[in-house]
Amino acid sequence: MRFEPRRNKTVSPRTRRLRVAGGALCAAALAATLVTGCGQDSGDETAAATSEAAKVLPNQTTSPSGSVSPSGTAQLTEDQTKRKELLSTVKVTFDKAATTAVGEVSGGKLTDLDLEGIDDQDDDDATGSPSPTGSPTDGTSPSPGGTESPGGTGSPSPSPSGSAGSPKWVAEVVEEDGTAHNVTIDAVTGKVIDSSPDADQSDADKQKLADQISKATQTPQQAAKVATDKKPGKVTSIALDENDSNVLVWQVDVVTKDWKKTTFDVDAAKGTITDEQVDND
């Protein structure tokens, strides 16, 4: 098409309308010719293409909803996932571990009991990688062990045998004079792995522990019940200590069904909850 000189831009509105109408008529005639030339086959192909497009569009609208389902499994935080994985392998509950630990020390009282690795697995990974993985201890070939561990079925298997990858309860049991004993219990089999006096205690440490156990009229089992009555779940830690107000309390960690952890401070003399903290991680 050749552009007109600048002087011809003063075309009348009527002339412009005639040109537009003529162009429209030409386009309509061309479309009619194409339809006539294509025949019935062209119409069938067009209908088929439209039908296929209709089939594709619903799939495209439903696929985003399908992508929502993985997010449902991704709702757990890293800490919640670790708690879920570890607690799924634990067979010995808090109260059974407490009874076993106290039975190792004549006349002793439990002052501390923790499920090892429940909230410090990152530290364990840094100090000893074989401990949390568990599966490489079954054989000498690390590569197959590494490929099986993400499946989640390899790591729990060595636990019943009491291997290094088994979860453990670590307890502190104190004699009447304040002498502390460390007791480690396999959280799968319930067997005592180790029991020995704390060789690093000073006389001041012994005196402090002796005073605390004499003032704690509430047993750790009673404190645990107070906490789980308030929020049902699994007790993963309990410790006798003084809070910021110098009140002797049992600090009880409870993991609930959503795999979050709540820490309760239970007055060791009155048996009442003085504080409650939820860990949302």
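Residues numbered from 1 in each chain as written. Predicted model: local features only at pLDDT ≥ 70, side-chain atom pairs only at ≥ 80, totals over all residues. Heavy atoms only, no water.

**Student:** Any chance you could explain the nonpolar core here in plain terms?
**Tutor:** When a protein is soluble and globular, its nonpolar side chains tend to lie buried together. Residues Leu-113, Leu-115, Trp-169, Trp-250 and Val-252 are the most contacted members of the largest nonpolar core, which totals 39 residues. By residue number, the principal contributor to this core is strand 6 (residues 248–255), which donates five residues. Beyond its immediate stretch of four places on either side in the chain, Leu-113 contacts Phe-94, Ala-97, Ala-98, Trp-169, Val-170, Ala-171, Thr-236, Ser-237 and Ile-238. (Core = buried A, V, L, I, M, F, W, Y, C linked by side-chain atoms within 4.5 Å. Buried < 20%, exposed > 50% of the residue type's maximum accessible area, 1.4 Å probe, protein only. Helix = DSSP H or I, 4+ residues; strand = E, 2+ residues; numbered from the N terminus. Contact = heavy atoms within 4.5 Å.)

**Student:** How should I be thinking about unusual backbone geometry in this particular structure?
**Tutor:** With the exception of glycine, the majority of residues adopt a negative phi angle, and the majority of peptide bonds are in the trans configuration. Even without being glycine, Asn-246 reaches a positive phi, approximately 60°. Tracing the backbone shows Asn-246 in the loop between strand 5 (234–242) and strand 6. Phi is positive for Trp-259, close to 70°, though the residue is something other than glycine. Examined against the element boundaries, Trp-259 turns out to sit in the loop between strand 6 and strand 7 (261–267).

**Student:** Would you mind going over the sheet that holds strand 8 (residues 273–279) with me for this structure?
**Tutor:** The strands making up a sheet associate through hydrogen bonds between their backbones, and the pairing can be parallel or antiparallel. Taking strand neighbours across the sheet as the criterion, the eight strands line up as 4-3-2-1-5-6-7-8 in an open arrangement whose pairing is antiparallel. At either margin of the open sheet sits one strand with a lone partner, and together these are strand 4 (192–197) and strand 8. Geometrically, the sheet is characterised by an average inter-axis angle of 20° between neighbouring strands, direction not taken into account. Taken strand by strand, helix 7 (residues 203–215) contacts strand 1 (109–115), strand 2 (168–174), strand 3 (180–186), strand 5 and strand 6, and its axis lies near 115° from that of strand 5. The strands touched by helix 8 (residues 220–230) within the sheet are strand 1, strand 5, strand 6, strand 7 and strand 8, with strand 6 carrying the most contacts at an inclination of about 50°. (Pairing = 2+ DSSP bridges. Axes fitted to C-alpha atoms, helices over the stretch in contact; angles between N-to-C directions.)

**Student:** Looking at this structure, how should I read the pairing of strand 1?
**Tutor:** Look at any regular strand and the pattern is simple: side chains alternate between the two faces of the sheet. Here strand 1 pairs with strand 2 via six bridges, running antiparallel. From the neighbouring strand, Lys-109 faces strand 2, where its bridge partner is Val-174. Bridging between strand 1 and strand 5 involves three bridges; their strand directions are antiparallel. Within strand 5, the residue paired with Asp-112 across the bridge is Ala-239.

**Student:** How should the pattern of salt bridges be read in this particular structure?
**Tutor:** Side-chain pairs of opposite charge can arise whenever the charged atoms involved come near each other. In total, this model carries five salt bridges according to the counting rule given. In this structure, the salt-bridge partner of Lys-225 is Asp-229, at a minimum N-O distance of 2.9 Å. Note that Lys-225 and Asp-229 are positioned in helix 8 at a spacing of four residues, about one turn of the helix. Asp-229 carries the same exposure label as Lys-225, and that label is exposed. Residue Glu-276 is joined to Lys-230 by a salt bridge in which the shortest nitrogen-to-oxygen separation is 2.8 Å. Of this pair, Glu-276 sits in strand 8 while Lys-230 is found in helix 8, placing the two residues 46 residues apart along the sequence. Judged by its relative accessible area of 30%, Glu-276 falls in the partly exposed class. Since its relative accessible area comes to 48%, Lys-230 is described here as partly exposed. Each of the salt bridges in this network shares a partner with another, and the network as a whole consists of Lys-230, Lys-231 and Glu-276. (Salt bridge = Lys/Arg side-chain N within 4 Å of Asp/Glu carboxyl O.)

**Student:** How do you make sense of the environment of Glu-176 when you look at a structure like this?
**Tutor:** Mapped onto the secondary structure, Glu-176 falls in the loop between strand 2 and strand 3. For the pair formed by Glu-176 and Asp-211, sequence separation is 35 residues and the distance between their alpha carbons is 9.1 Å. Setting aside anything within four residues of it in sequence, one finds Glu-176 in contact with Ala-210 and Ile-213.

**Student:** I keep staring at the side chain of Asn-243 and nothing clicks. Help me out?
**Tutor:** In this fold, Asn-243 is placed in the loop between strand 5 and strand 6. Classification of Asn-243 by relative accessible area gives buried; the value is 17%. Within the structure, Asn-243 has its side chain in polar contact with the backbone nitrogen of Ser-245 (distance 2.9 Å). A polar contact of 2.8 Å, which involves the side chain of Asn-243, links it to the backbone nitrogen of Val-247. Filtering out sequence-adjacent residues up to four positions away, Asn-243 remains in contact with Val-249, Asp-265 and Thr-274. (Polar contact = N/O pair within 3.5 Å; in protein donor to acceptor, adjacent residues only side chain to side chain.)

**Student:** Got a minute to help me understand helix 2 (residues 78–87) in this structure?
**Tutor:** Along an α-helix, a turn takes 3.6 residues, which lines up residues three or four apart on a common side. Every buried residue of helix 2 is accounted for by Gln-80, Lys-82, Arg-83, Leu-86 and Leu-87. Buried residues of helix 2, viewed axially, fall in a sector of 160°; they line one side. More than 90 degrees from the buried face of helix 2, the exposed residues found are Glu-78 and Glu-85. (Arc of directions from axis to C-beta.)

**Student:** What is the right way to look at the confidence of the model for the chain in this model?
**Tutor:** The predicted coordinates of low-pLDDT regions are not to be read in fine detail. The pLDDT averaged across the chain works out to 73; a share of 58% of its residues lies at or above 70. Predicted confidence is poor over residues 1–40, with pLDDT under 50, and the contacts of this stretch with residues over four places away or in other chains come to one contact. Confidence drops under a pLDDT of 50 for residues 121–162, and excluding neighbours within four residues, the segment shows 34 contacts in the predicted structure. (pLDDT = per-residue confidence, 0-100.)

**Student:** What is the right way to read the environment of His-181 from this model?
**Tutor:** Position of His-181 relative to the elements: it lies in strand 3. What makes His-181 buried here is its relative accessible area of 13%. Sequence separation between His-181 and Gly-108 is 73 residues; the distance between their C-alpha atoms is 8.8 Å. Sequence-distant contacts of His-181, that is, excluding residues within four places in its chain, are made with Val-105, Ala-171, Glu-172, Val-173, Glu-175, Ser-196, Pro-197 and Asp-198. Within polar-contact distance, the side chain of His-181 engages the side chain of Glu-175 at 2.5 Å.

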